[in-house]
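The primary structure of each chain is shown beneath.
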Amino acid sequence: MNPSGATEEDGDQTVDGMCDRARNYWGVGAYYQLNVMSIRGTYSDELGSAQTLSLPENDKWIREIAPKARFVVVSWGRIGHMSGRGTEVEKILREVCDPEKVFCFAKNKDGSPTHPLYISRNAPLIPFSHNIDIFKWSALVDVQENDTGIPSQVTLNVELSLA
């Protein structure tokens, strides 16, 4: 989502801040900013009422650029999460990226990655751990009882792997 008038040539506070982080804190030679949504407008309220949130070309660029990146920083915020696009982009990133190279600044209460506008420029990145639904898991419980039928030993074996 891009609730601003920023373009490739003219930035805004968010874009300029991300470029500064990339150059001065992350040490990268190139920086791509991809949006969760294809639409752009000055007011985020207007974006919420849009009929089409993302065009196929938007996902195409995410699929093309993200796997080539040294690391990916996600920061779509609550609005990107509430729109459903955050979840869609998260699925794309799972398909094309090693989860260990996906980061964020912090997480909102709803689990969405925070938007960078009000985050300190030198804030450290943290791993963006995906929701538990991407994992397969199984558990085996072994209960051994004593002579009176009371459990005397409980063993729990859990196996967890990426889905």
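Above this text is the structure in question.
Residues numbered from 1 in each chain as written. Predicted model: local features only at pLDDT ≥ 70, side-chain atom pairs only at ≥ 80, totals over all residues. Heavy atoms only, no water.

Asks: Would you take a moment to explain the sheet that holds strand S1 (residues 72-73) for this structure?
Replies: The strands making up a sheet associate through hydrogen bonds between their backbones, and the pairing can be parallel or antiparallel. If you walk across this open sheet you meet the three strands as S1-S2-S3, and the pairing is mixed. Here the strands that pair on one side only, and so sit at the sheet edges, are S1 and strand S3 (126-127). The pairing of strand S2 (residues 102-104) with S3 spans two bridges and is classified as antiparallel. When the bridges of S3 are listed, phenylalanine 103 appears paired with proline 127. (Pairing = 2+ DSSP bridges. Helix = DSSP H or I, 4+ residues; strand = E, 2+ residues; numbered from the N terminus.)

Asks: Would you mind showing me how to read the environment of glutamate 88 here?
Replies: Mapping glutamate 88 onto the fold places it in helix H5 (residues 85-96). Taking the relative accessible area as the measure of exposure, glutamate 88 reaches 41% and is therefore partly exposed. Considering only alpha carbons, one finds glutamate 88 and aspartate 59, 29 residues apart in sequence, at a separation of 9.2 Å. (Buried < 20%, exposed > 50% of the residue type's maximum accessible area, 1.4 Å probe, protein only.)

Asks: Explanation requested: the pattern of salt bridges in the structure shown.
Replies: Where charged atoms of side chains with opposite charge meet at close range, the side chains can pair. The tally for this structure, following the rule as stated, stands at six salt bridges. Here arginine 121 ties to aspartate 20 by a salt bridge, and the two come within 3.4 Å at their closest N and O atoms. Residue arginine 121 is found in the loop between S2 and S3, and its partner aspartate 20 is found in helix H1 (residues 13-24); the two are separated by 101 residues along the sequence. Since its relative accessible area comes to 37%, arginine 121 is described here as partly exposed. Each of the salt bridges in this network shares a partner with another, and the network as a whole consists of Asp59, Arg85 and Glu88. (Salt bridge = Lys/Arg side-chain N within 4 Å of Asp/Glu carboxyl O.)

Honestly, it's all geometry; don't read function into it.
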